[in-house]
Amino acid sequence: SKYEVLDSAKAQLENALEKVKASDSANPETVEKIESALSSTNSKIQEINDEYDLVGTGMTALGVVGDLVEKAIIKAGELNEEYSLSSKATVALKDAVDKAKAAS
């Protein structure tokens, strides 16, 4: 498991709880304290799982977006090479500037 320390603490608390409950002289206050600690440990494990799963999901989503952006840039480069878009855009911009200057 990713969280061996917490899992170990949980297992120890569960064992302690079972032993205390099995005891003939089980103190209800002790049982309550162990149950509370066990509940707190379970909550912390769940909180950490949720936090890291959220981070993992976010990283996956960012990875997908990054892949899409990369593919779009590659495709734009391929189209530019195939159709000489950059040089055509430059020529069109130069023509527009020249026309604007001539009109002034």
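Model, not experiment: these values are computed from the prediction. Throughout this document, residue positions are counted from 1 along each chain, in the order its sequence is written. Confidence filtering applies because this is a predicted model: local features only for residues at pLDDT of at least 70, side-chain atom pairs given and counted only at 80 or more, and all residues used for totals across whole chains, interfaces and linings. Hydrogens and water molecules were not included; the side-chain quantities draw on all heavy atoms of the structure.

Okay, the overall build of the protein next. Secondary structure assignment for the protein yields three helices and zero strands. Its helices and strands taken in sequence order, the protein reads α-α-α from the N to the C terminus. Within the protein, residue pairs in contact and separated by at least 24 positions form 53% of the contacts whose partners lie at least 6 positions apart. The accessible surface values rely on the Shrake-Rupley method and a 1.4 Å probe; as for residues, cover is taken only from the protein chains in view. Only carbon and sulfur atoms are counted for the fraction: they give 59% of the accessible area of the protein, which is about 8300 Å². Strands are runs of DSSP state E lasting at least two residues, helices are runs of H or I lasting at least four, and both sets are numbered from the N terminus onward. Should any heavy atoms of two residues lie within 4.5 Å, those residues are counted as being in contact.

This part takes up the nonpolar core. By convention a nonpolar core is built from buried Ala, Val, Leu, Ile, Met, Phe, Trp, Tyr and Cys residues, the set being connected through side-chain atoms within 4.5 Å. With a 1.4 Å probe rolled over the protein chains alone, any residue whose accessible area is under 20% of its type maximum counts as buried; one over 50% counts as exposed, and the rest are partly exposed. By size, the foremost hydrophobic cluster in this structure holds five residues: Leu13, Leu17, Val31, Ile34 and Leu38. Listed by contribution, the elements that provide at least two residues to this core are helix H1 (4–22) and helix H2 (28–83). In terms of residue count, the dominant contributor to this core is H2 (three residues). For Leu13, the residues in contact, after removing those within four places along its chain, are Ile34, Ala37, Leu38 and Thr41.

Turning next to a nonpolar patch on the surface. A cluster of nonpolar side chains, contributed by Val65, Val69 and Ile73, occupies part of the molecular surface with about 270 Å² of accessible area. By the element assignment, Val65 lies in helix H2. The exposure class assigned to Val65 is partly exposed, which follows from its relative accessible area of 47%. Exposure above 30% relative accessible area and the lack of any salt bridge qualify a residue for a patch; like charges then connect within 9 Å, and the nonpolar side chains Val, Leu, Ile, Met, Phe, Trp and Tyr within 5 Å. Definition used for salt bridges: Asp or Glu carboxyl oxygen within 4 Å of a side-chain nitrogen of Lys or Arg.

Pairs can form between side chains of opposite charge whenever their charged atoms are close. According to the stated counting rule, one finds four salt bridges in the structure shown. For Lys21, the salt bridge is made with Glu35, and the minimal N-O distance between the two is 3.1 Å. In this pair, Lys21 sits in helix H1 while Glu35 sits in helix H2, placing the two residues 14 residues apart along the sequence. Classification of Glu35 by relative accessible area gives partly exposed; the value is 34%. When the shortest N-O distance is used, the salt bridge between Lys94 and Asp98 registers 3.2 Å. Taken together, the positions of Lys94 and Asp98, both in helix H3 (residues 85–103) and four residues apart, correspond to about one turn of that helix. Assessed through its relative accessible area of 52%, Lys94 is described here as exposed. With relative accessibility at 36%, the residue Asp98 sits in the partly exposed group.

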